[in-house]
Amino acid sequence: MKFFVDTANLAEIETALADGFIEGITTNPSLLAKEPKADYLDHMRKIVGLIQQSGRNVHLSIEVIAKEPSEMVPEADRFVQALGYEQLAIKVPISQHGRCFTGVVRQLASRGIAVNCTACMTPMQALAAGAAGARYVSLFYNRIRDGFLDRHSAERDALLAAGTVEADDFDPAHVVAESYRLLKASYPNAEIIAGSIRTVLDVKQAGLAGAHIVTLPPKIFPLIVAHYKTDEAVDSFLADIGRWLN
Ligand code: E4P
């Protein structure tokens, strides 16, 4: 399993690159909106600059922000041309309010553009993304679970009643595992990115369920490596060698 970092913040990206554990960076419009207002592509150019300064050839996912499918394809082309970054992937949502965007995925994939089909919540969305040629399928781990926790969700009940989803489709580890099985059988080149991560255990469970990549909020990685017994061991090593040297 590979680690990506899930942020558009330049300082957080610089730190993650320096920490040496990431093989990619994922952004989304909400993450961009947390940053000082600027030109979208100029901000992405700064991220590419940080990557190039690090000497690491890491993945970068940036999302289309056009609202209409007819505008998404030329926008994605502009992003690719403007950034000229080999490891760039274009994020395209799987759908929105009944509008299906797999046609955009296919058009971009047909141009040789790596597509990260995002905002996926079910194994069937993941399979549809793979069928449309997506190189990456982003499953929103905790938002999947939120769908189960949402109280009085008429939308959830309608999906269940229609036989579109089943209860297990609100268990994120189960969704990752089924998505993995479906994609491996039919679209083995599509990699699962588990996003919407909130705890270290989410990372472990998503990885054990089969996610190829987990994209971490920056605050998570320090929690992965920290442990009070590690502190105790290292403190004792240094104390012991300190006495021995003096
Ligand atoms: C992945 O890149 C997603 O855009 C992101 O992880 C979504 O997570 P959120 O549910 O915290 O917005």
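Residues numbered from 1 in each chain as written. Predicted model: local features only at pLDDT ≥ 70, side-chain atom pairs only at ≥ 80, totals over all residues. Heavy atoms only, no water.

### Here's the deal with the pairing of strand 2 (residues 22-26)
Turning to step 1, where the next piece is worked out: Counting buried residues in strand 2 gives 4 out of 5 residues, a clear majority hidden from the surface.
Turning to step 2, where the next piece is worked out: Crossover handedness for the path strand 1 (residues 2-6) to helix 1 (residues 10-19) to strand 2: right-handed.
Turning to step 3, where the next piece is worked out: Where strand 2 meets strand 3 (residues 59-63), 3 bridges bridge the pair, whose relative direction is parallel. Looking across to strand 3, one finds that Ile25 is bridged to Leu60. (Buried < 20%, exposed > 50% of the residue type's maximum accessible area, 1.4 Å probe, protein only. Helix = DSSP H or I, 4+ residues; strand = E, 2+ residues; numbered from the N terminus. Right-handed = clockwise from strand over helix to strand, strands pointing away. Pairing = 2+ DSSP bridges.)

### With respect to the site of the ligand
Turning to step 1, where the next piece is worked out: Close contacts around the ligand come from Asp6, Thr26, Asn28, Lys91, Phe140, Arg143, Gly195, Ser196 and Thr215, and that covers them all.
Turning to step 2, where the next piece is worked out: Contact between the ligand and Asn28: an oxygen atom at 2.8 Å from a side-chain N or O atom of the residue.
Turning to step 3, where the next piece is worked out: For the ligand, an oxygen atom lies 2.8 Å from a polar atom in the backbone of Ser196.
Turning to step 4, where the next piece is worked out: Here the ligand, which alone exposes 330 Å², has 82% of that area covered by the protein.
Turning to step 5, where the next piece is worked out: In the shell around the ligand, the residues fall into 1 nonpolar, 5 polar and 3 charged. (Near = heavy atom within 4 Å. Polar contact = N/O pair within 3.5 Å; in protein donor to acceptor, adjacent residues only side chain to side chain. Areas by Shrake-Rupley, 256 points an atom, 1.4 Å probe, with all protein chains shown as cover. Nonpolar A, V, L, I, M, F, W, Y, C, P; charged D, E, K, R; others polar.)

### Digging into the pattern of salt bridges
Turning to step 1, where the next piece is worked out: In the structure shown here, the tally under the stated rule is 10 salt bridges.
Turning to step 2, where the next piece is worked out: The partner of Glu191 in a salt bridge is Lys2, with the nearest N and O atoms 3.5 Å apart. Residue Glu191 is found in strand 9 (residues 191-195), and its partner Lys2 is found in strand 1; the two are separated by 189 residues along the sequence.
Turning to step 3, where the next piece is worked out: Accessibility expressed as a relative area gives 12% for Glu191, which makes it buried.
Turning to step 4, where the next piece is worked out: Lys2 gets classed as partly exposed once you look at its relative accessible area, which sits at 26%.
Turning to step 5, where the next piece is worked out: Linking Asp42 and Arg45 is a salt bridge whose minimum nitrogen-to-oxygen distance equals 2.6 Å. (Salt bridge = Lys/Arg side-chain N within 4 Å of Asp/Glu carboxyl O.)

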